[in-house]
Amino acid sequence: MYLAGVEKVPARDPDGKPIDTSRYPGSCVWLNVYDLGESAALKKTNNVSKMFGGGVYHAGVEVFGMEWSYGFIDDDGTGVHKCVPRTAYGHTYRSTTKMGFTKLSQPQVMRLLEKLEGEWLGLEYHFIEQN
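Presented here is an overview of the structure given in this document. Quantities reported herein were computed from a predicted structural model and do not represent experimental measurements.

So, the packing of aromatic side chains
Part 1 of the reasoning: Evaluation of the coordinates by the stated rule reveals four aromatic pairs.
Part 2 of the reasoning: Their ring planes at 75 degrees and their centres at 6.0 Å tell us that Y34 and Y93 sit as a pair that is edge-to-face. Residue Y34 is found in strand β3 (residues 28-35), and its partner Y93 is found in strand β7 (residues 92-101); the two are separated by 59 residues along the sequence. Comparing Y34 with Y93, the two get one shared label, buried.
Part 3 of the reasoning: Ring centres 5.4 Å apart and planes at 65 degrees place the aromatic pair Y70 and W120 in the edge-to-face group. Residue Y70 is found in strand β5 (residues 66-70), and its partner W120 is found in the segment after α2 (106-119); the two are separated by 50 residues along the sequence.
Part 4 of the reasoning: Within the aromatic cluster, the residues linked to one another by ring pairs are Y70, W120 and Y125.

A closer look at a nonpolar patch on the surface
Part 1 of the reasoning: A cluster of nonpolar side chains, contributed by V48, M51 and F52, occupies part of the molecular surface with about 380 Å² of accessible area.
Part 2 of the reasoning: Looking at the element boundaries, M51 is found in the loop between α1 (40-50) and β4 (57-63).

Things to note about the pairing of β3
Part 1 of the reasoning: The buried count for β3 comes to seven of eight residues, which makes it a mostly enclosed element.
Part 2 of the reasoning: Relative to β7, β3 is paired through eight bridges, and the arrangement is antiparallel. Residue pairing in the sheet places V29 in a bridge with G100 of β7.
Part 3 of the reasoning: In terms of strand pairing, β3 meets β4 through six bridges, oriented antiparallel. What sits directly across from N32, in β4, is G60.

Rules used in this analysis
- Residues numbered from 1 in each chain as written.
- Predicted model: local features only at pLDDT ≥ 70, side-chain atom pairs only at ≥ 80, totals over all residues.
- Heavy atoms only, no water.
- Phe/Tyr/Trp six-rings, centres within 6.5 Å; stacked < 30°, edge-to-face > 60°.
- Helix = DSSP H or I, 4+ residues; strand = E, 2+ residues; numbered from the N terminus.
- Buried < 20%, exposed > 50% of the residue type's maximum accessible area, 1.4 Å probe, protein only.
- Patch = residues over 30% accessible without salt bridge, like charges linked within 9 Å, V, L, I, M, F, W, Y side chains within 5 Å.
- Areas by Shrake-Rupley, 256 points an atom, 1.4 Å probe, with all protein chains shown as cover.
- Salt bridge = Lys/Arg side-chain N within 4 Å of Asp/Glu carboxyl O.
- Pairing = 2+ DSSP bridges.

As structure tokens, then:
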């Protein structure tokens with residue numbers, strides 16, 4: 001399940017080594033990490049901050065072939081967003097980490113995400129307090 005016109009980005013671990021996510025079942029849960037925004041300066045800042053355990057990042061959770069994240073929007077709609085894995089709009093993909101496997105079926109995951117879409121509103125997002 002991929003959105004038309006969006007090119008897949010290959011996964012890589014935090015050390016930059018490729019990960020073949022197609023070898024795993026759809027129930028495998030992945031954390032995709034991005035440098036916040038698309039600026040080269042912020043990416044360099046994160047490279048230095050990473051040495052001290054810090055940085056400014058965006059993350060998305062990938063399961064059953066799609067990636068889901070939460071963020072601010074400037075209206076009263078949901079803050080839950082989906083995208084093709086590793087292509088979050090406005091951010092620069094950095095790495096992927098395997099988190100394990102969900103015991104939920106794909107329809108159960110979709111029902112859970114539909115519930116969260118109604119509860120996690122974009123205007124309620126806060127960078128520190130509700131992220």
